[in-house]
Amino acid sequence: MRSPVVVVSRFALKFARNARGRASNLYEAKLYRSVNATRRALLCPVIWVSRTGAVQIMRAAKPLTDMMSLDEYTHVTETWDYMPGEDKRANHP
């Protein structure tokens, strides 16, 4: 969908390969702008996305030094508080 993702210093540039990648970039930018502060803290900040979604610039994630434990992963998913069906609004192709 998106390739390559280029990391330059503190920034990640995502280049869409096709319509699905463009839709994903646009969805990710919209999601970051629309979620509450608790959810936003779990996401990399979207700094800019092109009108068509072909390119997105985000703050790069910091790599984990160790793999998350099951308890840590469960905590993150509980913090996100996923609601079944909410991704259907994304209109992914």
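Above this text sits the structure in question.
Bear in mind the structure is a predicted one, so any value in this text is a computation, not a measurement. (Residues numbered from 1 in each chain as written. Predicted model: local features only at pLDDT ≥ 70, side-chain atom pairs only at ≥ 80, totals over all residues. Heavy atoms only, no water.)

Undergrad: Help me understand helix H1 (residues 19-34) in this model?
TA: Helical geometry: 3.6 residues make up each α-helical turn, so side chains three or four residues apart lie on a common side. Compared with an ideal rise of 1.5 Å per residue, which puts 16 residues at 22 Å, H1 spans 22 Å between its outermost C-alpha atoms and is within 8% of the ideal. Within H1, burial applies to Gly21, Ser24, Asn25, Ala29, Leu31 and Tyr32. The buried residues of H1 all sit within an arc of 160° when viewed along its axis, so they share a single face. Away from its buried face by more than 90 degrees, H1 exposes Lys30, Arg33 and Ser34. Where H1 begins, the capping side chain belongs to Asn18, and its oxygen is found 3.1 Å from the backbone nitrogen of Arg20. (Helix = DSSP H or I, 4+ residues; strand = E, 2+ residues; numbered from the N terminus. Expected span 1.5 Å × (residues − 1). Buried < 20%, exposed > 50% of the residue type's maximum accessible area, 1.4 Å probe, protein only. Arc of directions from axis to C-beta. Polar contact = N/O pair within 3.5 Å; in protein donor to acceptor, adjacent residues only side chain to side chain.)

Undergrad: Just to check I follow, could you spell out the pattern of salt bridges for this structure?
TA: Where charged atoms of side chains with opposite charge meet at close range, the side chains can pair. Counted according to the given criterion, the structure contains one salt bridge. Here Glu28 makes a salt bridge to Lys14, at a shortest N to O gap of 3.0 Å. Separated by 14 residues along the polypeptide, Glu28 in helix H1 and Lys14 in strand E2 (residues 11-16) bring together distant segments of the chain. (Salt bridge = Lys/Arg side-chain N within 4 Å of Asp/Glu carboxyl O.)

Undergrad: Hey, could you run me through the environment of Gln56 in this one?
TA: The topology assignment puts Gln56 in strand E4 (residues 55-59). C-alpha separation for the pair Gln56 and Glu28, spaced 28 residues apart in sequence, amounts to 9.2 Å. At a separation of 2.9 Å, a polar atom in the side chain of Gln56 contacts the side chain of Glu28.

Keep in mind that these numbers describe shape and distance, not what the molecule does.
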